[in-house]
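# Architecture at a glance
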Amino acid sequence: MCRQLGYVGPPVRVGDMLTLGSHSLRTQAWAPKDMRGGGTINADGFGVAWWRDDDGVTVSRYRNSAPIWTDPAVEEVLPQLESWAVLAAVRSATVGMPVERNACAPFTHGRWAFSHNGMVPDWRRALSAVAEEFGSTATELGAGPLFEPVQLLEAESATDAAMLWVMLRSLLSTDTPDGSWAAAPAALSLLVSAVLAQSPGARLNFLLGDGRQLWATTVYHSLSALVTDDFAILSSEPFDDDPRWQPIPDRQLVSARPGALSVTPLVDVPSTKGSLL
């Protein structure tokens with residue numbers, strides 16, 4: 001469906017994170033190795049987000065609905081920018097969804113950036129039902145306001161990913177003032193469980209970053225991690241032959257930052273062992 005990558009560590013050139021390695025994110029756009037039945041190439045746009053302020057709260061973003069290999073900014077502009085945290089994605093649009101700039105991840109809000117590799121079958125019905133559920137039932141994430149279904153109108157594009165982001169960012173807004181450390185895993189787990197309850201065939205590889213840490217879910221599609229004492233990378237596919245890459249099993253919740261990698265089963269999410277293509 002898509003390919004995505006997140007990085008946290010010493011400052012790097014933003015453009016380099018799109019072209020790094022013999023199997024870079026840009027290469028994965030036209031020669032992915034592990035799409036698992038989700039298309040053949042990722043030619044429907046791309047985007048990259050990076051954090052700018054020392055406190056990690058200001059996110060900048062560049063997106064283009066054209067294939068990543070056609071955009072000269074990847075080598076001429078983006079390498080002039082540096083950041084300690086980057087989140088990027090290349091897109092393969094689900095049939096029937098628009099190919100437009102606003103449909104390209106990352107989606108951003110406040111200190112957050114988000115992308116989605118996958119799809120939600122019958123997404124309009126399924127996500128409307130999830131929104132109704134969140135609107136009528138208090139979550140266990142804190143004392144924040146309930147999600148209002150009308151907020152789905154705030155989605156940047158008429159896609160499942162854009163609507164998923166509207167709901168996730170609302171759940172994240174219930175976190176405590178000391179940061180996202182506890183709320184992000186709970187919000188991701190809650191959203192995955194709610195979506196799968198309405199659309200059991202959904203493919204939900206989420207990638208979330210706040211400039212300090214990365215979180216991800218694996219539901220159907222591939223994900224690998226490369227974490228050292230100095231940096232952390234989560235990627236749909238390894239971009240080089242470094243033996244330290246670790247494949248992440250299906251139905252997992254991942255947290256990564258320099259020096260720390262946590263992989264735990266998603267709560268209340270059934271296994272689909274043997275279902276991958």
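Procedures and definitions
Residues numbered from 1 in each chain as written. Predicted model: local features only at pLDDT ≥ 70, side-chain atom pairs only at ≥ 80, totals over all residues. Heavy atoms only, no water. Pairing = 2+ DSSP bridges. Helix = DSSP H or I, 4+ residues; strand = E, 2+ residues; numbered from the N terminus. Salt bridge = Lys/Arg side-chain N within 4 Å of Asp/Glu carboxyl O. Buried < 20%, exposed > 50% of the residue type's maximum accessible area, 1.4 Å probe, protein only. 1 Å grid on protein atoms, 1.4 Å probe; cavity = no way out; pocket = protein on both sides within 12 Å on 5 of 7 lines; lining within 4 Å. Points joined across faces, edges and corners; volume = space filled by probe spheres on them. Nonpolar A, V, L, I, M, F, W, Y, C, P; charged D, E, K, R; others polar. pLDDT = per-residue confidence, 0-100. Contact = heavy atoms within 4.5 Å. Expected span 1.5 Å × (residues − 1). Axes fitted to C-alpha atoms, helices over the stretch in contact; angles between N-to-C directions.

### Quick word on the sheet that holds strand β3 (residues 59–64)
The 7 strands lie next to each other as β3-β2-β4-β1-β10-β9-β11, forming an open sheet whose pairing is antiparallel. For this open sheet the edge positions go to β3 and β11 (246–247), each flanked by a neighbour on one side alone. The pairing of strand β9 (residues 224–227) with β11 spans 2 bridges and is classified as antiparallel. Residue pairing in the sheet places alanine 225 in a bridge with glutamine 246 of β11.

### Details of the pattern of salt bridges
Under the criterion given, the structure shown has 11 salt bridges. Measuring nitrogen to oxygen at the nearest pair gives 3.0 Å for the salt bridge that ties arginine 26 to glutamate 75. Of this pair, arginine 26 sits in helix α2 (residues 25–30) while glutamate 75 sits in helix α3 (residues 73–76); the two residues are 49 residues apart in sequence, bridging distant segments of the chain. The exposure class of arginine 26 is partly exposed, given its relative accessible area of 21%. In this structure, arginine 251 engages aspartate 250 in a salt bridge whose closest nitrogen and oxygen atoms are separated by 3.4 Å. For arginine 251, a relative accessible area of 8% puts it in the buried group. Via salt bridges that share partners, Arg61, Arg63 and Glu156 belong to a single interconnected network.

### Observations regarding empty space enclosed by the protein
Under the counting rule described, the total for this entry stands at 1 cavity of 30 Å³ or more. By volume, the largest cavity is sized at about 180 Å³. Lining the largest cavity are 21 residues, and of these Cys2, Arg91, Ala103, His116 and Ala161 lie nearest its centre. Ranked by residues supplied to the lining of the largest cavity, first place goes to strand β4 (residues 82–91) with 3 residues. Taken together, the residues of the lining of the largest cavity sort by class into 12 nonpolar, 7 polar and 2 charged.

### Description of the confidence of the model for the chain
When pLDDT is averaged across the chain, the result is 89; 88% of the residues are at 70 or more. Within the model, pLDDT remains below 50 along residues 139–145, and this stretch shows 11 contacts once partners closer than five positions in the same chain are excluded.

### Some words on helix α6 (residues 183–198)
The end-to-end C-alpha separation of α6 is 23 Å, in line with the 22 Å expected for 16 residues at 1.5 Å each. Across the 16 residues that make up α6, a large majority, 12, are buried. For α6, the complete set of buried residues consists of Ala183, Ala184, Pro185, Ala187, Leu188, Ser189, Leu191, Val192, Ser193, Ala194, Val195 and Leu196. Looking at the buried residues of α6, the elements they touch are β6 (112–119), α4 (123–136), α5 (160–172), β7 (203–209), β8 (214–218) and β12 (252–257).

### Re the sheet that holds β12
Across a sheet, strands are paired by hydrogen bonds formed along the backbone, either parallel or antiparallel in direction. Across the sheet, which stays open at both edges, the 6 strands sit in the order β5-β6-β7-β8-β12-β13 with antiparallel pairing between neighbours. Two strands close off the open sheet at either side, each with one partner strand: β5 (107–109) and β13 (260–265). Taken pair by pair, the neighbouring strands of this sheet meet at an average axis angle of 15°, ignoring direction. As paired elements, β6 and β7 share 7 bridges and run antiparallel to each other. Its bridge partner being in β7, asparagine 117 is matched across the sheet by asparagine 205. In this fold α5 packs onto β5, β6 and β7, with an angle of close to 135° to the strand it touches most, β6. Lying over the sheet, α6 contacts β6, β7, β8 and β12, oriented at roughly 160° with respect to β7.

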